[in-house]
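Inside the fold
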Amino acid sequence: MKLKNDLLLRTARGEAVERPPVWLMRQAGRILPQYRAVREKLSGFKELVETPELAAEVTIQPVDELDVDAAIIFSDILVIPEAMGLAYEMVEKRGPLFPETIRSEGDIQKLVVGEAAAARLGYVYGALELTRNNLAGRVPLIGFSGAPWTLLAYMVEGSGSKTFSRAKRLLYREPKLAHLLLEKITETIIAYLKEKARHGADLIQLFDSWAGILSPASYREFSAPYLQQICSAITEVPVTVFAKGAWFALEDISRMDCQVIGLDWNVSPEEGRRRAGEEKVLQGNLDPCCLYAGPEQVSRAAREMLEAFGRRHIANLGHGVYPDTPLDGVRAFVQAVKNYRYK
Ligand code: CP3
């Protein structure tokens, strides 16, 4: 189906465009009353993720409500560990929990890997197809995966953590096991993302949410090579690498076979461009907390950000929008970008 608004894809391909496209990480979620209404009627988060009709519905809500230039499929990065054999729970107000974690080589050898694991995620592919049909070409649909290191962090730690010291301990004490696990996760992600592209994802974003807790040397050994493997395997659609907190690795990331690099707010647009070089499209990076300010201040901050990035930019926040963000701040951000024109 031909897209009516393909600004995101033209930008990701490096074409000259009239203004940057805009979408928000976590746009499909608790900021929207319509999302909360759907969510309230369900047994929990997983029911939403695993029911294609409902996942498609909440994926499209921000397109209707906020007029963003892209939809991102409603799902979670934790579906991959689950498909590999570690079921997750989403505990209300606390976040993810894995009752079983990876503790030994035996645990790693038991995992389901690659196409066999990807084949267990039919509900994601179903949601993508339904969303694509229901969007009827209004905007592109973004698919995503967690990065290997970020998924390892959850699979070893078992939950969120400030330090992820249990996961990092594996890197320092048993680097061979860490690499064995990272290889298996990477193989699974590649099979999964190829299915996602086949079922309607127009662009893929890799979330390395815990990149910033690694040292530059650890990042270079345990994260970057696996991200690069995924980038070079996914040739079907453009790929965005978003490594939160890893401004120190921007030079490494700029050498990957990705089209777009996501930035968080800890790096200025100017420094991001300097470190990433001229070739890649940059995405980001307004501090999500800026949206707590009044609409006028948000519009001004958005325009300043757009000026600082210049061309080859996809407007977004520096991380997911916080659930208690006022909707008028979100709308002011989106509209400021949509009213902007490159000189
Ligand atoms: O709109 C979108 O961006 C699409 C949907 C999306 C979700 N999770 C829905 C969700 C995406 C892209 C993710 C990715 C994800 N999940 C990441 C990477 C992005 C990032 O934020 O760095 C991570 C680390 C996770 C793991 C995860 N899932 C956590 C830590 C939590 C709890 C956090 C919280 O805010 O409560 C989740 C749950 C989750 N995933 C929610 C949503 C909308 C909250 C759901 C709810 O309770 O209804």
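As shown above, the structure is provided for reference.
Predicted model, so just to flag it, every value in this text is computed and none were measured.

Rules and cut-offs
- Residues numbered from 1 in each chain as written.
- Predicted model: local features only at pLDDT ≥ 70, side-chain atom pairs only at ≥ 80, totals over all residues.
- Heavy atoms only, no water.
- Helix = DSSP H or I, 4+ residues; strand = E, 2+ residues; numbered from the N terminus.
- Rg over C-alpha atoms; globule rule 2.2 N^0.38 Å.
- Buried < 20%, exposed > 50% of the residue type's maximum accessible area, 1.4 Å probe, protein only.
- Contact = heavy atoms within 4.5 Å.
- Lys, Arg positive; Asp, Glu negative; His and termini not counted.
- Charge placed at Lys NZ, Arg CZ, Asp CG, Glu CD.
- Near = heavy atom within 4 Å.
- Polar contact = N/O pair within 3.5 Å; in protein donor to acceptor, adjacent residues only side chain to side chain.
- Areas by Shrake-Rupley, 256 points an atom, 1.4 Å probe, with all protein chains shown as cover.
- 1 Å grid on protein atoms, 1.4 Å probe; cavity = no way out; pocket = protein on both sides within 12 Å on 5 of 7 lines; lining within 4 Å.
- Sits in = over half its atoms within 2 Å of the grid points.
- Nonpolar A, V, L, I, M, F, W, Y, C, P; charged D, E, K, R; others polar.
- Pairing = 2+ DSSP bridges.

1. Section: the overall build of the protein
- A tally of regular secondary structure across the protein gives 17 helices and 9 strands.
- By the compact-globule yardstick of 20 Å for 343 residues, the protein fits well, its C-alpha radius of gyration being 19 Å.
- Per-residue burial for the protein yields a buried fraction of 61% across its 343 residues.
- The contacts in the protein between residues at least 6 apart in sequence include a share of 74% that link residues at least 24 apart.
- Positive and negative side-chain charges in the protein, numbering 43 and 44 respectively, have mean positions lying 2 Å apart.

2. Describing the site of the ligand
- Near the ligand there are 23 residues, and of these Arg30, Tyr35, Arg39, Ser209 and His319 occur at the shortest range.
- In this structure, an oxygen atom belonging to the ligand sits 2.5 Å away from a side-chain N or O atom of Ser209.
- For the ligand, an oxygen atom lies 2.7 Å from a polar atom in the side chain of His319.
- Considering the ligand on its own, with 880 Å² of exposed area, one finds that the protein chains cover 87% of that surface.
- Taken atom by atom, the bulk of the ligand overlaps the largest pocket.
- Residue assignment for the shell around the ligand shows that the elements contributing at least two residues are helix H2 (33-40) and strand S3 (95-97).
- Among the residues making up the shell around the ligand, the classes are represented as 13 nonpolar, 6 polar and 4 charged.

3. Here we look at the sheet that holds strand S9 (residues 313-317)
- The strand order across the open sheet formed by 7 strands is S1-S4-S5-S6-S7-S8-S9, and the pairing between neighbours is parallel. At either margin of the open sheet sits one strand with a lone partner, and together these are strand S1 (71-72) and S9.
- Of the strand pairs in this sheet, strand S8 (residues 281-286) and S9 are connected by 5 bridges, and their pairing is parallel. Bridge pairing links Gly284 to Ala315 in S9.

4. Let's talk about the side chain of Thr101
- Mapped onto the fold, Thr101 is located in the loop between S3 and helix H6 (105-109).
- Under the relative-accessibility criterion, Thr101 is labelled buried at 13%.
- There is a polar contact of 3.1 Å between the side chain of Thr101 and the side chain of Arg103.
- When near neighbours in sequence (up to four residues on either side) are disregarded, Thr101 contacts Leu86, Asp107, Met155, Val156, Glu157 and Gly158.

These figures capture arrangement, not role.
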